[in-house]
Each structure stands twice: as C-alpha cells, then as structure tokens.
Amino acid sequence: MHVSEGVLAFPAIAAGWTGTTAIAVASLRAVEGKDLPKMAVLTAVFFVASLIHIPFGPTSVHLTLNGLVGVVIGIGAYPAILLGLALQAVLFQHGGLTVLGINGVLMGLPALAAYGIFRLGDGAAHRNKTALFGFLAGAAATALTGLLLALLLTTTGKAFLPVAKLALFAHLPLMVVEGLVTAAAVSFLARVKPEMLPGTHASREV
Amino acid sequence: MQHPGKERGIQGDKAPAFAAGRHAALLICALCLLCLADFHHGAWAHSVYLHAYVAGEQCFVQGLFNGTEPAADARIEVFDDQGKRLLQGKTDGKGAFSFEIPKRTTLDIVLTTPLGHRGQTRIGQAERGDPAAPSGKTAGDAASDGGHFHGAEHHHQGQSAMVVITPHELEGLLDHAVDQSLDEKLAPLYGMMARIEQRREEKAPRLLSGIGYILGIFGAAMYVASRRKQP
C-alpha cells in the first residue's frame, strides 16, 4: 500500500511532508524512555511484515501490521512507522524517499486510529473482548489505509469511488489477516505482559 | 481493562516465567517459519518489476510484483528520449503488453498499477538489436562469419569456385547458425533472469541490515534517554 515515486504531483508530496513532520513531532513528545525497547521491536516487526506479500486477484497485497504497531506502542507509533518506511525505501526501493511523508500519513494515521479503537475496549473484563477489539483495530487500520490511498490517488485524476472500491476489495483478505494477527498478539500480551499495552489499566498500574 | 491474566503478568507468581518464555519462543518460531516459507517461494517485497524485450519490430513488456505475480490492468506508457509520450495501453491478466516500436530511439517504458505502484525500464539501441549497436548482429551477419558458410554463399551466387558440402556438414552449419541466432535473441532474457535472481539474493542481507539499523537507532536513543536521567 505504499505510493511509489513519480506517481504524485509536488503539492501532494509537499502536503504529505508537512503533515508527517507535524504528526511525528507531536507523536515523539508522547514517547518516554521506557517505551524505546518496545518501539524498536515493533519497528522491526513493521519493517519485516511489509515485505511479506499475499497474491490476490489482479494485484498483490502485503502485510502492514500498522494496526498492531499502533495498539502496542500507542501515540508514539508514528515515528516508529516512519523509520520502518524510510528503511524500506532505502533498502528495498519500496515506496521512496520523496513520498516518505505521504506514505507516513497513509500508514501512520491508521495506526493512531487503531490505538483509539483499541482504547474503546479498555475495561473489557473478558479475554475474548480484548481479542475482539484487537481484531477491529487491526482490520480498521488496513481499511483506513486503503481509503486514504484512494483519496490520495484522486489527486492524480482518478475518481475516488472506483479506486476506493478496488483498494478495499484488494485489501479485504488482508483486513482479516491483519485483524487476526493483531487479535492474537494483544491476547497474548494481555495474558503474559499486559503492561506492554498502553492506555490499559495494567499499564497505568506499572 | 481487566485482563484475566493481569495479575499473572504483573506479579508473576501464578504464571511461571517459563510459561511466558515458552509462549514467546513459540511466537518467534512461528514468525521465523513464516519468513522462511516466504523466502522459499521468493515472495519478498512488493515492488513492481517491469521487464521488456524486443523481437523484430515488436516490444513485449511484462509487469510482475516481486518478479512472480502479474501486475494486471496496469497502465503502460512509452516515452521517447525527450520525455514525449509515444503511446499508452494496459496490461492484460498476465501483466503483459506488447506494441510495435513507434520510433528508433531510446524508449522509457513506465508501468503504473491502479493502486499507485510504479515500475520503469528502458529499451536502448542494444536491446532493439540495431545494426549500429555492438551486440546488434543479425542472424545473417553472425552466420556469415563462418568460413564454411562463405563457401556455400559463393556456390549460391554462381561463382566459378564450386564448394561441395555433404548433408552432414550442411546440418552442422545450420545448427551452428540457429544456435548463434538464438543465443543473441535470448541474451536479453538471460540478463533479465539473472537480474531477478540477483534481486532476490540481495534481499536477505538487506533485511538483516535494516533490523540492524533499527536496533542501532533505538540503542542510541536509549543511551541518550539514560544520560538525561542521570543527575
């Protein structure tokens, strides 16, 4: 779901960099020293996961796990995702450096949204409910990334609805996979190390 | 959030560390297996690779995700060396598209998928097999380099020096000419395959170096954070 170099016009690229810089600075302020090891692990997971692709119909989709990164890191997820994207662009020509700003928005904003969705389930008394909100957060992050991509491609002269339909249809199986992976990960963390999940009762008690 | 295992996670008295470690090890093993399985099928990265080759006056292009999955319904645009668009079209279900070469110049071929992925390749003089290019020998040129064939050519031109060749020798000459011609025609394809293979082989070290960068950057950040905490 990365946008490649040469697809977008300069105004869209400039807007992406402006938005990314503002969000990344705000996001970095929420990062505490104790979160850094967790951020390193999740950045590595994001970096690797985006390279695993799933062939689907006329296109090919790949894991993003931005929802999982958002749920586990919280507000500080944005710079982690930005770093992962920068390394993908430099090492794999996946996306690109000029479109790093816009790709940061595409992947980072849904990660923050996923954190918000997961927080809605804060106080869930049952493990299954934790998993459910994890699933919703993971799936919603993928759907939101697809919608943002469709919105972005309208700047290249494409109509929003057909591209949005294609983006959502192409990423439907990925939404399920991302939801399941996020649900499994948060269930596991809630059971063995709940303080790793930010914004929950357990993390506040630490 | 009241997690059933919260007390176990925090206090660590009801759930032995061994159990948590075992779960973590299983999770890591599963992720490693997933990665290894993907490596096996060469299904890494999501970039679009655009391959092009020329046969006669026709240029054949194919867009592939990861070098294996076809990029169907993608827009193909062909530009000349001045950046002027010469033609455009769409790939079929196999990610393929072909066109008659519109102009004897360096051609830049650009593929853009409906979801914004982009690949690009260039067809120069050598790929087109132009006579001026060093590798641009035609089959006829190549065959005429053979001494035996010179004799046969003289024979056909009706010159006085008659050279007689046996059917066996003729077969050998034809085999030689066909092999040489095929080698030249297939050379771009061999090169293309070698490049795809090289890209795949380069992925593992790049992946590890990426993880190394991440650990290094966060390690430095942790060092700075720890220095700030010190009185």
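Described in the following lines is the structure provided in the data block.

How each quantity is defined
- Residues numbered from 1 in each chain as written.
- Chains lettered and ligands numbered in written order.
- Predicted model: local features only at pLDDT ≥ 70, side-chain atom pairs only at ≥ 80, totals over all residues.
- Heavy atoms only, no water.
- Salt bridge = Lys/Arg side-chain N within 4 Å of Asp/Glu carboxyl O.
- Helix = DSSP H or I, 4+ residues; strand = E, 2+ residues; numbered from the N terminus.
- Buried < 20%, exposed > 50% of the residue type's maximum accessible area, 1.4 Å probe, protein only.
- Pairing = 2+ DSSP bridges.
- Axes fitted to C-alpha atoms, helices over the stretch in contact; angles between N-to-C directions.
- Left-handed = near helix turned anticlockwise from the far one by under 90°.
- Contact = heavy atoms within 4.5 Å.
- Nonpolar A, V, L, I, M, F, W, Y, C, P; charged D, E, K, R; others polar.
- Patch = residues over 30% accessible without salt bridge, like charges linked within 9 Å, V, L, I, M, F, W, Y side chains within 5 Å.
- Areas by Shrake-Rupley, 256 points an atom, 1.4 Å probe, with all protein chains shown as cover.

The next point concerns the pattern of salt bridges. Two side chains bearing opposite charge may form a pair once their charged atoms approach each other closely. In the structure shown here, the tally under the stated rule is eight salt bridges over all chains. With a shortest N-O distance of 3.4 Å, B:Arg104 and B:Glu57 are connected by a salt bridge. On the criterion of sequence distance, the pair formed by B:Arg104 in the loop between strand 6 (96-100) and strand 7 (107-112) and B:Glu57 in the loop between strand 1 (48-55) and strand 2 (58-65) is long-range, its members being 47 residues apart. We classify B:Arg104 as partly exposed; its relative accessible area is 46%. Its salt-bridge partner being B:Lys103, residue B:Asp80 comes within 3.0 Å of it at the nearest N-O pair. In this pair, B:Asp80 sits in the loop between strand 4 (75-79) and strand 5 (85-90) while B:Lys103 sits in the loop between strand 6 and strand 7, placing the two residues 23 residues apart along the sequence. Classification of B:Asp80 by relative accessible area gives buried; the value is 2%. Judged by its relative accessible area of 37%, B:Lys103 is partly exposed. Linked through salt bridges whose partners overlap, the residues forming this network are A:Glu32, A:Lys34 and A:Asp35.

All names here are of chain B. Spatially, the four strands line up as an open sheet ordered 5-4-7-8, and their pairing is antiparallel. This sheet does not close on itself; its edge strands, each paired only once, are strand 5 and strand 8 (118-123). Each strand of the sheet is rotated relative to its neighbour by a mean of 15 degrees, with strand direction disregarded.

This part takes up the pairing of strand 2 of chain B. Consecutive side chains along a regular strand alternate between the two faces of the sheet. Residues and elements named next belong to chain B. Strand direction decides the pairing type here: strand 1 and strand 2, joined by eight bridges, are antiparallel. If you follow Leu50 over to strand 2, its bridge partner there is Gly63. Where strand 1 hands over to strand 2, the hairpin turn is made up of two residues, of which Gly56 adopts a positive phi near 65 degrees. Pairing geometry for strand 2 and strand 6, over five bridges, is antiparallel. Counted as the bridge partner of Phe60 is Ser98 from strand 6. Here strand 2 runs beside strand 3 (residues 69-70); their pairing, made up of two bridges, is antiparallel.

Attention now moves to the packing of helix 6 (residues 127-153) of chain A against helix 8 (residues 172-192) of chain A. Residues and elements named next belong to chain A. Across the interface, helix 6 lies against helix 8 with an axial gap of 7 Å and an inter-helix angle of 140 degrees. For helix 6 against helix 8, the interelement crossing comes out right-handed. The residues of helix 8 that touch helix 6, namely those facing Arg127, Thr130, Ala131, Gly134, Phe135, Gly138, Ala139, Thr142 and Ala143, are Leu174, Met175, Val176, Glu178, Gly179, Leu180, Thr182, Ala183, Val186, Ser187, Ala190 and Arg191. In the contact of helix 6 with helix 8, the residues fall into eleven nonpolar, seven polar and three charged.

Looking now at a nonpolar patch on the surface. Residue and element names in this part refer to chain A. Residues Leu144, Leu147, Leu151, Phe160 and Leu161 make up a contiguous nonpolar surface patch of about 420 Å² in total accessible area. Those elements giving two or more residues to the nonpolar patch turn out to be helix 6 and helix 7 (160-170). Counting residues per element, the nonpolar patch draws most heavily on helix 6, at three residues. For Leu144, the location among the structural elements is in helix 6.

Read these as layout, nothing more, since geometry by itself doesn't imply function.
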